[in-house]
Every structure is written in C-alpha cells, then in structure tokens.
Amino acid sequence: MPKNKSFDLEFRCADTDDADLVYALEEEAFPDPWTLSSITETINFRYAKTLIAYLNEGSGEEAAAAGFIVLYDTGEDVDIARIGVKKAHRRLGIGRGLVNKAIEWANELKRSALTLDVRAGNEGAIAFYNTMGFKIDCIRKNFYQKPKEDAVLMSVNIYGGNIC
Ligand SMILES: CC(C)(COP(=O)(O)OP(=O)(O)OC[C@H]1O[C@@H](n2cnc3c(N)ncnc32)[C@H](O)[C@@H]1OP(=O)(O)O)[C@@H](O)C(=O)NCCC(=O)NCCS
C-alpha cells in the first residue's frame, strides 16, 4: 500500500475466535511462529492482552487485519512478547500504533516501563524500537533456538502515558 494513501486504524482485543487470524499474522511475521494452541492459551490468559490492528481504507470494504501485538503484565512492567505487521502494510505507522496501545495499557495498570527481547540479527525491528524510544539494557547469549541467536533486551520508561 502506498505510504501517502489515507486509512483509519482500529484496534480490537482478540478473543478465542481470532486465534486462527493471529496465527496467520504470526506465520507471516516470524520464522518461528507460536502454535495455534499457545496463541489460544495466551488470548485467554488473564495477565496477557492480544490486540489486532485493523486497517480501513475507506473504500466500502471491510477493515482488514494488518498487525497484532501480544502483551504480558509482569506485575512490574508490560512486556511486548510479540508484535508483527503484514509485509504489505509495513512502514505505515501500524507498529507505532500498536506500541502506543501497549503504552496505554501499561498506563492503565500503572506500570512504569515496557520491556521486550528481540533477535540480535533483527536489525529492522531494533531500528523500529529505537525510533520508539527503547534503549538496550543487555544482551542474553544464545537465548533463542531455531535458529540459535542472542537476544537484545530493550526497555523504555513511561510516565503518565508518555515515553520518558
Ligand atoms: C518491526 C515491525 C513490527 C514494525 O512495524 P511497522 O508497522 O512497519 O513500523 P512503523 O511503520 O510503525 O515504523 C515506525 C518507524 O520505525 C522505524 N522503522 C520501522 N521499521 C523499520 C525498518 N525495517 N528499518 C529501519 N527503521 C524502521 C522507522 O523510523 C519508521 O518510521 P518511517 O517509516 O516514517 O521511517 C514490522 O517490521 C514487523 O512486523 N517485523 C516482523 C516481525 C518482527 O520482527 N517483530 C519484532 C520482533 S521482537
């Protein structure tokens, strides 16, 4: 989709009926997608939130799922466990919109930081998180399997609903 085309974004909380849809988004975004059963479990987990971003191009067609985010409330922070945007809809601000939703939820829960881990070789995602204000906290050696890879742990402090 061209960058200058206008669209509306809507975010909806996933429920069990959305598990197949989240799985399809996972498969497109990750080399090691979560299984359908772990997605269903996470959607129903009381300390997690799965949000789907729907893109409406205003052409009378139904809004289409374009991305998703999976968040965990750790009790101290909100952790971004997964975030993915369909290839055709990247660089349109959808990832940013999803992270903004994570900030909103952290604010509601009175958590003061967002945390995440990302594959060290995932330069695009690390650049994205840098743009969003995240800083690198540490590297965890050989954290990921299939393929084996280091993890970069990143976080951002939030206060009153804003990144600080
Ligand atoms: C990372 C990801 C979620 C970003 O989503 P997105 O909707 O394309 O991101 P946005 O359009 O909101 O990007 C906001 C800004 O982040 C930066 N950015 C985003 N993707 C980038 C990339 N690949 N390279 C460099 N900078 C990037 C840019 O500054 C961008 O603004 P601009 O397009 O005006 O230059 C998406 O690339 C994705 O789904 N990747 C595959 C899954 C993944 O790696 N998830 C993270 C694993 S932890």
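Cut-offs used in this document
- Residues numbered from 1 in each chain as written.
- Predicted model: local features only at pLDDT ≥ 70, side-chain atom pairs only at ≥ 80, totals over all residues.
- Helix = DSSP H or I, 4+ residues; strand = E, 2+ residues; numbered from the N terminus.
- Buried ≥ 20, exposed ≤ 12 C-beta atoms within 10 Å, placed from the backbone.
- Contact = placed C-beta atoms within 7 Å.
- Near = placed C-beta within 6 Å.
- Nonpolar A, V, L, I, M, F, W, Y, C, P; charged D, E, K, R; others polar.
- Core = buried A, V, L, I, M, F, W, Y, C linked by C-beta atoms within 7 Å.
- Pairing = 2+ DSSP bridges.
- Expected span 1.5 Å × (residues − 1).
- Arc of directions from axis to C-beta.

Caption draft 1: A look at the overall build of the protein. For the protein, the count of helices and strands is 4 helices and 8 strands. Starting at the N terminus and walking to the C terminus, you meet the elements of the protein as β-α-α-β-β-β-α-β-α-β-β-β. Counting only C-alpha atoms and orienting by the principal axes, one finds that the protein spans roughly 45 × 40 × 35 Å. Across the 164 residues that make up the protein, the buried fraction comes to 27%. Sequence-distant contacts in the protein: of pairs separated by 6 or more residues, those separated by 24 or more amount to 58%.

Caption draft 2: Focus on the site of the ligand. In the vicinity of the ligand, 19 residues are found, and the nearest of them are Arg90, Gly95, Arg96, Gly124 and Ala127. Breaking the shell around the ligand down by element, the ones donating at least two residues are β4 (78–85), α3 (94–109), β5 (113–119) and α4 (123–131). Of the residues forming the shell around the ligand, the biggest block, 5 residues, is contributed by α4. Grouping the amino acids of the shell around the ligand by side-chain chemistry returns 10 nonpolar, 6 polar and 3 charged.

Caption draft 3: Expanded view of unusual backbone geometry. Between Lys146 and the following residue, Pro147, the backbone shows a cis peptide bond with an omega angle of -5°. Secondary-structure assignment places Pro147 in the loop between β6 (135–144) and β7 (149–159). A positive phi angle, close to 60°, is found at Lys110, a residue other than glycine. Mapped onto the elements of the fold, Lys110 is located in the loop between α3 and β5. By the C-beta count within 10 Å, which is 6 here, Lys110 ends up exposed. A positive phi angle, close to 50°, is found at Asn142, a residue other than glycine. Here Asn142 is to be found in strand β6.

Caption draft 4: The arrangement of the nonpolar core in detail. In terms of nonpolar packing, the biggest core is built from 32 residues, with Phe68, Ile69, Leu98, Ala102 and Leu114 touching the most fellow members. Of all the secondary-structure elements, those providing two or more residues to this core are α1 (19–29), β2 (48–56), β3 (64–73), β4, α3, β5 and β7. Ignoring sequence-local partners within four residues, the contact set of Ile69 consists of Leu51, Ile80, Arg82, Ile83, Leu98, Lys101 and Ala102.

Caption draft 5: How the structure looks around the pairing of β3. Inspection of the sheet shows β2 paired to β3 by 8 bridges, in the antiparallel sense. Opposite Tyr54, over in β3, you have Ala65 as the bridge partner. Hairpin remark: β3 followed by β4, antiparallel, with 4 residues in the connecting loop; positive phi at Gly75, about 100°.

Caption draft 6: The arrangement of α3 in detail. Taking 1.5 Å of rise per residue, the 16 residues of α3 would be expected to cover 22 Å, and the 23 Å separating its terminal C-alpha atoms lies within 8% of that figure. For α3, every residue scored as buried is listed here: Ile94, Gly95, Leu98, Val99, Ala102 and Ala106. Along the axis of α3, the buried residues cluster in a sector spanning 140°; they form a single face. Lys110 sits one or two residues past α3 and shows a positive phi near 60°.

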